[in-house]
Amino acid sequence: MFVRMSWLASTIRRKGTLFLVLAVAIASFVSHMDLVSASAPYSGHIDEPYLTTRAHDIIRTGELNPQFFRYGSLPIYLAAAGEALGIIQANKLERVTVSDLHWTPYYSHAVVGTMMRTPFVLAGCACLVLVGLIARRLYGSRLAMVTATLSATSLPLLHFHTWAYANVDILVTFFCLLTSCYVLWTSSQQTYQAKSFIPGVLCGLAISCKYTAGVMLLIPLLSIFLYGRRSRLRLAAALLVSSALSFFVVMPYALLDLAHFLDDVGAEVFHYNVSGHGRFTAVPGLPHLKLYLTALRTQLGDVGLGLAAVGFVAAFKRNPKLAAVAFIGPLSLLAYICTLKVNFLRNILVVFPFATIALGGAYTASQQIASLLRSRIPTPYLQNYLAPLVIGALMLTHTSMMPWYRFHVRSKPDTRIVLEDHLLHNFAKGSQLWIPEGAHISVERLAKHFNVKRLNRNNVPKSLSGGLWLRPKFANDKQAEPFMHLPCKVSFAVEGNALRKEISRNPGVAVCSL
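Residues numbered from 1 in each chain as written. Predicted model: local features only at pLDDT ≥ 70, side-chain atom pairs only at ≥ 80, totals over all residues. Heavy atoms only, no water.

Caption draft 1: Broad picture of the overall build of the protein chain. Counting secondary structure elements, the protein chain contains 21 helices and four strands. Sequence-distant contacts in the protein chain: of pairs separated by 6 or more residues, those separated by 24 or more amount to 75%. With an accessible surface of roughly 23800 Å², the protein chain has 63% of that area assigned to carbon and sulfur atoms. (Helix = DSSP H or I, 4+ residues; strand = E, 2+ residues; numbered from the N terminus. Contact = heavy atoms within 4.5 Å. Areas by Shrake-Rupley, 256 points an atom, 1.4 Å probe, with all protein chains shown as cover.)

Encoded structure:
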């Protein structure tokens, strides 16, 4: 017994930093799941039903073909697995069948939506551990490992995409970090398994979530070029083959339903390269890059961004090859996305955790500065205290400047989801619904139940003079009702109580106004 306790104590001393990082990730998972449960049955983003309705159709029909290839299939299958577990869980409370679940726009049973989002929350929290492991390998410092993980917990964008809704980007971020972590820690190994097969499978899984993740193949390819001592061409070919096999195993209907797959991929190419996306349309090139750099500054703060730049340089000074392998993936993705016309911040979600990895490198840089100053200013306390002071300043400025705490103490559903839900539950099917041009509401879903028409603001039909105007004010959060107490019946801002009365009086015509 004494030997076992001694071994445990020795393990904790040696692996204490890793245990600390794991504890942070576990605490993050618990808090995120609490937010998921509190916000159910509503979603934090309007795009979630594009993924979850396909998952529901798989459960409802038993047909594994998602018949939707604008996203990769892996997130859809994970959401379907989550729904199946949610139905099992719901049946412990009351008898629930698939036909009992209304699905537009959201779940009639909160536990189903909660379980559906659980795999995505797990992936987001696992990113915290991977960030720490990459920083440990890149800088050779345990404190860099802890600093990187703690910095990642205060990234509002990563936090939001972890819990608020089921999305493909958190899975892409997880697989890209996992690929980078594996490649960095096995860089000296020369086997096909370490250099080609496992990295290829991980890249294939990332691509089966989102096609732009294909640029992540550059991570193992660069490792093969810089560290490979056997035939580099054979290793690269094995990598590409294993990646393709992994992709088609997860997405077999990319081949079995090839015409539909090519149509959807072509539509996405047109969307991102030609048509743009309304107010999210960007000018490709430097103007697009400027938007993302501004977002990076907003997420990290001025001090955090400056320290990340210092850590980025420190990584290349310490080990240029390892640093190149670590950062080639996110930098290549950022460069590629900036050539497109759609400006969705979530498209570069993977860049932000790598920025916090560079933040962890500020510790290494502070040690180097201390060594340099000590030779000129012989102060015995300098080397001992400079690095902790730098880290303390980093954490204080980074966390105090960010509004991250607001995300931890309250949750708010996407008001467009609430609006759709309110219409579907209070208006008779076949009612006439006018939606102004530019309103970011899913006409496709509403058209299944209502006679939907587009309303030109300059040409309002006279027949609508006595109609009802729904004004949720989701264009201005300051005027909107904060959804502090969830779950609850959600009312709209300002006109909430009046809306219920008006709907009961005149359910025939509705006009949505932004």
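Anyway, onward from the coordinates.
Caption draft 2: Fine view of the packing of helix H4 (residues 110-139) against helix H7 (residues 168-185). Put simply, H4 and H7 touch, their axes get as near as 9 Å, and they point 30 degrees apart. The angle between the axes of H4 and H7 places the two elements in the roughly parallel class. Of the two possible hands of crossing, H4 and H7 adopt the one that is left-handed. Seen from H4, the contacting residues are Phe120, Ala123, Gly124, Ala126, Cys127, Leu130, Val131, Leu133, Ile134, Arg136 and Arg137; seen from H7, they are Ile170, Leu171, Thr173, Phe174, Leu177, Leu178, Ser180, Cys181, Leu184 and Trp185. (Axes fitted to C-alpha atoms, helices over the stretch in contact; angles between N-to-C directions. Parallel < 35°, antiparallel > 145°, perpendicular 65-115°, else oblique. Left-handed = near helix turned anticlockwise from the far one by under 90°.)

Caption draft 3: Representation of the packing of aromatic side chains within the structure. A complete count under the given rule lists 12 aromatic pairs for this structure. Summarising the aromatic geometry, the rings of Tyr211 and Phe261 are spaced 6.1 Å apart at their centres and angled 90 degrees between planes, so their arrangement reads as edge-to-face. One end of the pair, Tyr211, is in the loop between helix H8 (192-207) and helix H9 (218-227); the other, Phe261, is in helix H12 (residues 258-275), and 50 residues separate them in sequence. Note on Phe261: relative accessible area 12%, which makes it buried. (Phe/Tyr/Trp six-rings, centres within 6.5 Å; stacked < 30°, edge-to-face > 60°. Buried < 20%, exposed > 50% of the residue type's maximum accessible area, 1.4 Å probe, protein only.)

Caption draft 4: Structural context of the nonpolar core. Membership of the largest hydrophobic core comes to 90 residues, with the highest contact counts inside it found for Leu138, Tyr139, Leu177, Phe327 and Ile357. In this structure, Met33, Val121, Cys125 and Ala164 belong to the second largest nonpolar core, which totals eight residues. (Core = buried A, V, L, I, M, F, W, Y, C linked by side-chain atoms within 4.5 Å.)

Caption draft 5: Main features of the environment of His260. Within the secondary structure, His260 is located in helix H12. Considered as a pair, His260 and Phe68 are 192 residues apart in the sequence and their alpha carbons are 7.9 Å apart. Among residues more than four places away in sequence, those in contact with His260 are Gln67, Phe68 and Phe69. Here Gln67 takes part through its backbone oxygen, which lies 3.4 Å from a polar atom of the side chain of His260. (Polar contact = N/O pair within 3.5 Å; in protein donor to acceptor, adjacent residues only side chain to side chain.)

Caption draft 6: Geometry of the side chain of Asp47. Position of Asp47 among the secondary structure elements: in the loop between helix H1 (2-39) and helix H2 (48-61). For Asp47, a relative accessible area of 17% corresponds to the buried category. A polar contact is formed between the side chain of Asp47 and the side chain of Arg346, at a distance of 2.6 Å. What Asp47 contacts, discounting residues up to four positions off in sequence, is Tyr71 and Arg346.

Caption draft 7: Broad picture of the environment of Arg297. Looking at the element boundaries, Arg297 is found in helix H13 (residues 286-318). The residues touching Arg297, leaving out its near neighbours within four places in the chain, are Asp302 and Leu305.

Caption draft 8: Fine view of the packing of H13 against helix H14 (residues 320-337). The contact between H13 and H14 brings their axes to 12 Å, and the two run at 165 degrees. One element, H13, and the other, H14, form an angle in the roughly antiparallel class. Considering how the two elements wind past one another, H13 and H14 form a crossing that is left-handed. Contacts from His288, Leu289, Tyr292, Phe312, Ala315, Phe316 and Arg318 in H13 reach Pro320, Ala323, Ala324, Phe327, Leu331, Leu334 and Ile337 in H14. The residue inventory of the contact of H13 with H14, partitioned by class, reads 12 nonpolar, one polar and one charged. (Nonpolar A, V, L, I, M, F, W, Y, C, P; charged D, E, K, R; others polar.)

Caption draft 9: Fine view of unusual backbone geometry. At Gln67, a residue that is not glycine, the phi angle is positive and equals roughly 55 degrees. Overall, the relative accessible area of 48% leaves Gln67 in the partly exposed class.

Caption draft 10: Fine view of the state of the cysteines. Per the counting criterion, the structure on display carries zero disulfides. Free of any disulfide, Cys209 has its nearest cysteine sulfur in Cys176, 8.8 Å distant. On the basis of relative accessibility, which here comes to 0%, the residue Cys209 falls in the buried class. (Disulfide = S-S within 2.5 Å.)

Caption draft 11: Fine view of the pattern of salt bridges. Enumeration over the complete set of coordinates arrives at seven salt bridges. Note that Asp47 is salt-bridged to Arg346, the shortest N-O span being 2.6 Å. In this pair, Asp47 is assigned in the loop between H1 and H2 and Arg346 in the loop between H14 and helix H15 (351-360), connecting sequence segments 299 residues apart. Take Asp47 and Arg346: they sit in the same class, and that class is buried. (Salt bridge = Lys/Arg side-chain N within 4 Å of Asp/Glu carboxyl O.)

Caption draft 12: Fine view of helix H3 (residues 73-91). Helix length check: H3, at 19 residues, gives a terminal C-alpha distance of 27 Å against a target of 27 Å (1.5 Å per residue), a fit within 8%. Within the span of H3, buried status applies to Ser73, Leu74, Pro75, Ile76, Ala79, Ala80, Gly82, Glu83, Gly86, Ile87 and Ala90. Residues of H3 that are buried sit in contact with H2, H4, H7, H8 and helix H10 (232-250). (Expected span 1.5 Å × (residues − 1).)

Caption draft 13: A look at the side chain of Thr173. Here Thr173 shows up in helix H7. By relative accessible area, Thr173 is classed as buried at 1%. A distance of 2.9 Å separates the side chain of Thr173 from the backbone oxygen of Asp169, its partner in a polar contact.

Caption draft 14: The arrangement of the environment of Ala148 in detail. Inspection of the secondary structure puts Ala148 in helix H5 (residues 142-153). The buried category is assigned to Ala148, whose relative accessible area is 0%. For Ala148 and Ala358, which are 210 residues apart along the polypeptide, the C-alpha to C-alpha distance reads 7.5 Å. Once residues within four sequence positions are removed from consideration, Ala148 is found in contact with Val131, Ala135, Thr356, Ile357 and Gly360.

Everything listed here is a matter of coordinates, which is why it stays silent on function.
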